[in-house]
Amino acid sequence: MIDQTIAAFEFLAEEARKKRSMIMFPTSMKVIGVRAPNINKVARECWEAYKNYSAEELLKFAKELVKTNILECNLLAFELLWKNKKALRLIQLKDIEELGQNIDNWVTAVSYT
């Protein structure tokens, strides 16, 4: 599912958006260049695929998204967790550390909170 998600982001990428993103919120992560409405579109598609999965499986998927070190995948991980309150309740300190490992600009900080 990770590869499919990245492919969806790459399909929706815009070079101009990528350049603006690197100016407006520089990051050490790879930036694909996807606008927020399109990130939300991918989030809806992922949610449809994952909404019937267990909270544990969703938390695992979110961690895998963060491990890609791709900005859009990080934002998606936080959005999916927000949609599943059971997954949010499962989060422990070690999970917070894993999920927050790439936070290095205002966009990721705001999305994480």
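This text goes with the structure placed above it.
What you see is a predicted model; the values in this text were computed from it and never measured.

**Q** Run through the pattern of salt bridges, naming residues and quoting values.
**A** By the definition in use, this model includes six salt bridges. Across the salt bridge formed by Glu14 and Arg35, the nearest N and O atoms sit 2.8 Å from each other. Remark: Arg35 occurs in the loop between helix H2 (15-24) and helix H3 (36-50) and Glu14 occurs in the loop between helix H1 (2-12) and H2; sequence separation between them is 21 residues. Residue Glu14 is classed as partly exposed on the basis of its relative accessible area, which comes to 27%. Judged by relative accessible area, which is 34%, Arg35 ranks as partly exposed. Between Lys51 and Glu48 there is a salt bridge whose closest N-O contact spans 3.2 Å. The structure contains a network of salt bridges with shared partners spanning Lys63, Lys94, Asp95 and Glu98.

**Q** Break down unusual backbone geometry for me, citing the residues and quoting the values.
**A** At Asn69, a position not held by glycine, the phi torsion is positive, near 60°. Mapping Asn69 onto the fold places it in the loop between helix H4 (55-67) and helix H5 (71-83).

**Q** Could you give an account of the nonpolar core, naming the residues involved and the relevant values?
**A** Phe9, Leu65, Leu76, Leu80 and Leu99 are the most contacted members of the largest nonpolar core, which has 34 residues in total. Contributions of two or more residues to this core are made by H1, H3, H4 and H5. Among the elements that make up this core, the one with the highest residue count is H5 (eight residues). If sequence neighbours within four positions are ignored, Leu76 has contacts with Thr5, Phe9, Val42, Ala43, Cys46 and Leu65.

**Q** How would you explain the side chain of Glu72 if you had to name every residue and give the values?
**A** By secondary structure assignment, the location of Glu72 is in helix H5. In this structure Glu72 is buried but unpaired, with Arg17 as the nearest side chain of opposite charge at 6.7 Å. Among the polar contacts listed, one links the side chain of Glu72 to the backbone nitrogen of Ile32, at a separation of 3.1 Å. Residues contacting Glu72, with those up to four places away along its chain left out, are Phe9, Lys30, Val31, Ile32, Gly33, Val34 and Ile39.

The rules behind each value
- Residues numbered from 1 in each chain as written.
- Predicted model: local features only at pLDDT ≥ 70, side-chain atom pairs only at ≥ 80, totals over all residues.
- Heavy atoms only, no water.
- Salt bridge = Lys/Arg side-chain N within 4 Å of Asp/Glu carboxyl O.
- Helix = DSSP H or I, 4+ residues; strand = E, 2+ residues; numbered from the N terminus.
- Buried < 20%, exposed > 50% of the residue type's maximum accessible area, 1.4 Å probe, protein only.
- Core = buried A, V, L, I, M, F, W, Y, C linked by side-chain atoms within 4.5 Å.
- Contact = heavy atoms within 4.5 Å.
- Lys, Arg positive; Asp, Glu negative; His and termini not counted.
- Polar contact = N/O pair within 3.5 Å; in protein donor to acceptor, adjacent residues only side chain to side chain.

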